[in-house]
Amino acid sequence: MSDTAERVKKIVVEHLGVDADKVTEDASFIDDLGADSLDIVELVMAFEEEFGVEIPDDAAENITTVKDANEYIEKNKG
Amino acid sequence: MRRVVVTGLGLVTPLGGDVETSWQNILASKSGAGKITRFDASDHKCQIACEVKPKDHEFGFDPDKRVDHKIQRQVDPFIVYGIDAAGQAIEDAGLEDMSDEMKLRAGCSIGSGIGGLPGIESESLVLHERGPGRVSPHFVHGRLINLISGQVSIKYGLKGPNHSVVTACSTGAHSIGDAARMIREDDADIMLAGGAEATICPIGIAGFAQARALNSSYNDRPEEASRPYDKDRDGFVMGEGAGVLVLEEYEHAKARGAKIYAEVVGYGLSGDAYHVTAPHPDGDGAYRSMEMALKKAGMSVGDIDYINAHGTSTMADTIELGAVRRLFGNQLGNMSMSSTKSAIGHLLGGAGAVESIFCILAIRDQIVPPTLNLDNPDEGTDGVDLVPHKAREREVRAVLNNSFGFGGTNASLIMKKV
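- As recorded in an unreviewed UniProt entry, chain B goes by the name 3-oxoacyl-[acyl-carrier-protein] synthase 2, listed as coming from Sphingomicrobium lutaoense.
- Under the heading Pathway (unreviewed entry), UniProt records this for chain B: "Lipid metabolism; fatty acid biosynthesis."

- If you check an unreviewed UniProt entry, chain A appears there as Acyl carrier protein from Sphingomicrobium lutaoense.
- Under the heading Subcellular location (unreviewed entry), UniProt records this for chain A: "Cytoplasm".
- Taken directly from UniProt, the Sequence similarities (unreviewed entry) text for chain A runs: "Belongs to the acyl carrier protein (ACP) family."

A closer look at the UniProt feature "modified residue: O-(pantetheine 4'-phosphoryl)serine" (unreviewed entry) in chain A
All names here are of chain A.
Point 1. Listed under "modified residue: O-(pantetheine 4'-phosphoryl)serine" (unreviewed entry) in the UniProt record, and renumbered for this structure, are Ser-37.
Point 2. For Ser-37, the position within the fold is in helix H2 (residues 37–51).
Point 3. On the basis of relative accessible area, Ser-37 is assigned to the exposed category, the value being 53%.

A short note on the interface of chain A and chain B
Point 1. Contacts between chain A and chain B engage 13 residues on the former and twelve residues on the latter.
Point 2. Summed over both partners, the interface of chain A with chain B comes to about 1,000 Å²; 44% of that surface belongs to carbon and sulfur atoms.
Point 3. It is Leu38(A), Glu42(A) and Met45(A) in chain A that bury the most area against chain B; as a group they hold 45% of the surface buried on that side.
Point 4. Taken together, chain A and chain B are joined by five salt bridges.
Point 5. For the salt bridge of Glu49(A) with Arg130(B), the shortest nitrogen-to-oxygen distance reads 2.6 Å.
Point 6. Summed over the shared surface of chain A and chain B, the result is eleven residue pairs in polar contact (both at pLDDT 80 or more).
Point 7. Grouping the amino acids of the side of chain A that touches chain B by side-chain chemistry returns five nonpolar, three polar and five charged.

Considering the packing of aromatic side chains
Residues and elements named next belong to chain B.
Point 1. The tally for this structure, following the rule as stated, stands at four aromatic pairs over all chains.
Point 2. Relative to Tyr-81, the ring of Phe-61 has its centre 5.5 Å away and its plane inclined at 80°; by these criteria the two rings are edge-to-face. Taken together, the residues span a long stretch of sequence, with Phe-61 in the loop between strand E3 (48–49) and helix H2 (69–74) and Tyr-81 in helix H3 (residues 77–92) at a distance of 20 residues.
Point 3. The class for Phe-61 is buried, based on a relative accessible area of 6%.

Details of the UniProt feature "active site" (unreviewed entry) in chain B
All names here are of chain B.
Point 1. Taking the numbering used here, the UniProt-annotated feature "active site" (unreviewed entry) corresponds to Cys-169.
Point 2. Of note, Cys-169 is situated in the loop between strand E5 (162–163) and helix H7 (171–184).
Point 3. Not counting the four nearest positions on each side in its chain, Cys-169 is found in contact with His-310, His-346, Leu-348, Gly-349, Ser-403, Phe-404 and Gly-405.

Cut-offs used in this document
- Residues numbered from 1 in each chain as written.
- Chains lettered and ligands numbered in written order.
- Predicted model: local features only at pLDDT ≥ 70, side-chain atom pairs only at ≥ 80, totals over all residues.
- Heavy atoms only, no water.
- UniProt positions renumbered as here; feature names shortened; annotations may be inferred.
- Helix = DSSP H or I, 4+ residues; strand = E, 2+ residues; numbered from the N terminus.
- Buried < 20%, exposed > 50% of the residue type's maximum accessible area, 1.4 Å probe, protein only.
- Contact = heavy atoms within 4.5 Å.
- Buried area = accessible area lost by both parts, 1.4 Å probe.
- Salt bridge = Lys/Arg side-chain N within 4 Å of Asp/Glu carboxyl O.
- Polar contact = N/O pair within 3.5 Å; in protein donor to acceptor, adjacent residues only side chain to side chain.
- Nonpolar A, V, L, I, M, F, W, Y, C, P; charged D, E, K, R; others polar.
- Phe/Tyr/Trp six-rings, centres within 6.5 Å; stacked < 30°, edge-to-face > 60°.

Quick look at the structure:
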């Protein structure tokens, strides 16, 4: 697992209070990890903080799975 | 008329994360006061408080027992305390598995005097230092006063009235009184009722200190600071925590074979219409509140054995006592009156609920809790049993609990043995 994916996983586990083994690449934040729309806003803020990236609202709307987050961050981090 | 009884209790206090630990420590004359550990208070006039202890402490509170990790991260501590105390009360009442029909007739009336002050303080700093885009999306609903009632209703599926009182330090008592009325008025059969507070944060301590309400000369002797009715009292000690009761319609409780602690028989309310922080010097509002509670209970002064006083360890203590003396007259010599704030501090919006629970336990165990640190009773306390230093066994048939709040808002509750 890449360094980005490890750090994303850690944030998701901490913010959503879910078991680490549930945070697979294909896991959907809402359908599989019990997040609501506000939890996603908070997750996106935590990703921005951790990786020093800016994730605009329209981009954030397309981040629905762990994989989406990993890919966006890999592509946009400084 | 529909009668209202108490069938479950839950407590989070500076002396315990549950009812029995808190109560046994109260009866053992222990103090929950200490130096403030939540933040560096060294530049504050008041540097002490009665904090809820961490879970590894002998009297600690473990938030993980009943509150999801995710919710703990999103909300202020007063909500965490409130959810846990409500959960304890539900378990104590044997209501973990309510039918859908019962849930439609079960509600919440859990309030707070101030709400999420620590979170308002810290998130204001985030806004100021890092901009609006860094403010938590959970900021608002993690701080709102009615969100204990909200969270508890969601967690346990309670679909009846969802109410929340905000009357400063009278909140807990008003919450119980209002909820009892809702049951009496047939709005619900079961109500989770109580209050919570957690404002031991820099702006909370500074604000009350600047209002000259907090103690300031006991920083090196925290356990001696809360001393209601004592000549050397100089302001209240801030406490934190929550108290929640299950109130239930009497026939409903009987039909399901519930354990019944006490009946809520009297509720009095009044306004001082005098000053924002000081009570009326004659104790007029307090007098009328107690008088109304007695009248509603259909009781006379001779029926009350114990008063859990508002008694905050401020100048107002003797004003309350004056009002009690005026109302109870000679009967005062047969009663006991104490302030458990001497042990756990002032829980503000949680006080009336926590103290009502102590009243109910006094009825259950036929023992009255002590007023700690009452070394030199102030003038005007003659002939009153203020239960100094040690708890005492005695007959306790009915109890009166007083709560008075900023704004001149007064509430009195009377509970009795069933």
